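Chain by chain, the residues:
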Amino acid sequence: MSKPWTKFKVWQWILIFFISIAILYFSIPPEKPYFQVDYSTVVKSDEGSLLHVFLNENEQWFLPPDTSAISRKLEAAVLLYEDQNFHSHFGIDIGAIFRAAYQNLKAGRIVSGASTLPMQVARLRYQNDRNLFYKVLEAFEAVKIDFHFSKEEILRMYLQHAPYGGNVIGYQTAAHKFFGKQINSLTWSEAATLAVLPNSPGLIYPSKTNDGLRRKKNALLEKLFKNDYINAITYDLSVLEPVPDKFITFESSAPHAASFLKNEYPAQKTFHTTINKSIQDKANYIAQKYEALFAADGIRSLSFLIADTKTGEIKAYVGSPDFYNQSHKGQVDGVMAHRSSGSILKPFLYALSMDEGLILPETFIRDLPTYFDGFSPNNASEDFLGVVTAKEALVKSLNIPAVRLLNAYGLFQFYSFLKEAGVRNLFRSADEYGLPLILGGAEVSLWDMVKLYRGLASEGEFSDNIILKNTDTKQSRGAQLISNGSAHLTLEILKDLKRPGSEFFWQKFSNARDFAWKTGTSYGHKDAWAVGLNPDYTIAVWVGNFDGESNKNLSGAHSAGPILFDLLEALPTRSKEWFSFNEMDFREMKICTISGFRASDDCPETEVTNAPYAMKSMKSCEYHQTKFLNSQLDLQTCSACWNGLGAIPTKLLEYPPDIAYYLRRKGAFIESIPPHNPECHRYRAEESSKIIYPNMDAKLFLPVDFNGELQEVICKVGHTSSVKKVYWYLNEVFLGETERQHKMAVHFNSGWNELKIVDDLGGEDSQRVFAVLNK
């Protein structure tokens, strides 16, 4: 009995083999995505418009595919021009093949083709030569493509990868490069132009001297008219439209943001950002305006960042006024660059100090000459106020109160806060930064500052900024580092800063909006900062030179401040409401009206203020004390001497000697405190006088006079109002006495010296001073 397969002849086996191979070939789906090519990197705004486009690695403009609907006009034009039976054939058009063969044989040369869109998709993928062999391969591939992809997918693949002349690839790219518009905004004339371009992009490359493109476009428009796609009026108008004669440059509204994203996510090709195109364009205009204004002063660079206060979404990102200005280092990204912070970190120290129970806005902080292991901070005014409220110290951005407050709060604790809040470039330890950290010793960026100031607006919760849409905000939630109450009180202080220029009278305008803001200027006038916020927007501005050049014209208030308020005025107004006051975040505290510390029984005048609910216990006022006075109220008495004189308890305000000295210099009236009964044998004055200058263990570098001796140093003493005379001693040698204004010129010896003073109440103070010969 013969086996079944022996009945087949050889040619039948060959046929079965090829049919099997064909079935296997057509049944195996092609890889997806079908095209494995390098696309351009595209950065889009929040509404989808282009912010920046990068060339791909082949130096081509090649926008990546998207899922937007294909223009009805372009679809009709392409199918009528390239593949009229697209929706009815199975990848190859048998009728078109016979028609082309007949026409070519009749003409004796190739005058017509039979390529379908699937065949052209195959050719675009494999980039084969145009000959009969590869035509056959493309036909097989076309059938496979038609079998595994929908007609819409095939049409989209063709349009997205078709060449349009030069280094322009894809229909979306061509729409932008030739017409400067989105694909869904094309006219019939423009759609016809894009339909005929891929057929021979080298021959009809747009130029002013080549009218081949115009003729082919008009021929297709006539065909569209004859096939009832367009009416006569549309046809006549479309024919009159010119063909493109040049490439349109892609608009680059946010090149620094685009570069940042491309470097951060190199594998991603399309970025949907939160940047608002309108706000970005306004910000760019303001940057260019101030670049021109500052040029005469030698200031060449500025940057700013605008974010939505509530969400943290970036709305404008300006790294420099001109990305392409090489002489001004325009490609430096000023938003991410780390610069000296100046004074812009002070609000966070004040907020943290409230939580720690050190201050309230009304609390006194000393503003006196201060020395910390060789570090002696100074105010920008080079003056001392003696004592100021915390609010006044922050509004005036005084350096000495800030340094004293940092020393009291804790350097490491503040450093840890900055790290946890998101300051990314603190590359040294807290001890290496030291107390100058609060005066500009830290390196911060605009990105960091927007993040930190938004934290104040978010009731002390610090989270990162967001620049990409659809970012999971739950993952970006930060820690609660400052209490709600302290954050609110700090914003209220910053709201009271005087605004620059015409903004000084902002409250007189009907459209006035509250705005909390802070400026900063780095040491050496290299960086000028201004950061501000309201419930809608947070804005950070930096002005300076990217090469670090110093410039005396730079200051936060006069350089960065005006830009800050120009940006604020350019932003759309959402609401005029300020941050709401939540009673649950506060508790009432009775404070001394004078010192702002928690009121003691000795404070004659008190007031009730709102203190953060989470605030630690605050120390009581030490400026008021209850003293016993005689019946004439001109002498203090005690249990050893009040018999016969009287003991009337009286609440007195007594400033420490160092504070009293500087208050008197400022013309402040300090009520005289009666001295203790001089006949009392038990009384000894304590701290009635204090050496103000030089400070403890000071090292003085003294110039030499003509006679070879060290020059004199003017030493100063502060005192209570009861002190009349002060007696001066150097190394146990009496130098003399002073009255009222206690200053004395002292000749120090080279090396260690001991300066001592004694007042007429018996109070005394001494300081060790090291004098160095400065040759």
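Summary of the structure given here. Within any chain, residue numbers begin from 1 and follow the written order of that chain's sequence. pLDDT decides what is reported in this predicted model: residues at 70 or higher carry local features, side-chain atom pairs at 80 or more are listed and counted, and totals for whole chains, interfaces and linings draw on all residues regardless. Hydrogen atoms and water are omitted, and side-chain values are computed over all heavy atoms in the structure.

Across the sheet, five strands lie side by side as E20-E26-E25-E22-E23; this open sheet has mixed pairing. Edge positions in the open sheet fall to strand E20 (698-703) and strand E23 (733-739), since each of these has one partner strand only. The mean inter-strand angle of the sheet, taken between neighbouring strand axes irrespective of direction, is 30°. Bridging between strand E22 (residues 725-730) and E23 involves six bridges; their strand directions are antiparallel. When the sheet's bridge partners are listed, Tyr727 is paired in E23 with Glu737. DSSP-based pairing: two strands are paired if at least 2 bridges between them are found. Only DSSP runs of H or I covering at least 4 residues are called helices, and only runs of E covering at least 2 are called strands; the numbering of each starts at the N terminus. For helices, the fitted line uses only the C-alpha atoms of the stretch in contact; every axis is such a line through C-alpha atoms, and the angle between N-to-C directions lies from 0 to 180 degrees.

Within helix H21 (residues 657-665), seven of the nine residues are buried, which leaves the element mostly enclosed by the surrounding structure. The contact definition used throughout considers only heavy atoms, calling two residues in contact when any of these lie within 4.5 Å. At its buried positions, H21 is contacted by strand E9 (364-367), strand E10 (386-389), strand E19 (689-693), strand E21 (713-719) and strand E24 (743-746). Two residues or fewer past H21, Gly667 is found with a positive phi of approximately 85°. Here's how the labels work: a residue is buried when its accessible area is under 20% of the maximum for its type, exposed when over 50%, partly exposed in between, all with a 1.4 Å probe on protein chains only.

In the segment running from Tyr693 into Pro694, the intervening peptide bond is cis, with an omega of 0°. Counting through the fold element by element, Pro694 comes out in the loop between E19 and E20. You will see that Glu382, though not glycine, has its phi angle at about 55°, which is positive. Position of Glu382 among the secondary structure elements: in the loop between E9 and E10. Exposure remark for Glu382: the relative accessible area of 63% places this residue in the exposed category. The residue His525 is not glycine, and still its phi comes out positive at about 55°. Tracing the backbone through its elements, the reader meets His525 in the loop between strand E12 (516-521) and strand E13 (527-533). Under the relative-accessibility criterion, His525 is labelled partly exposed at 26%.

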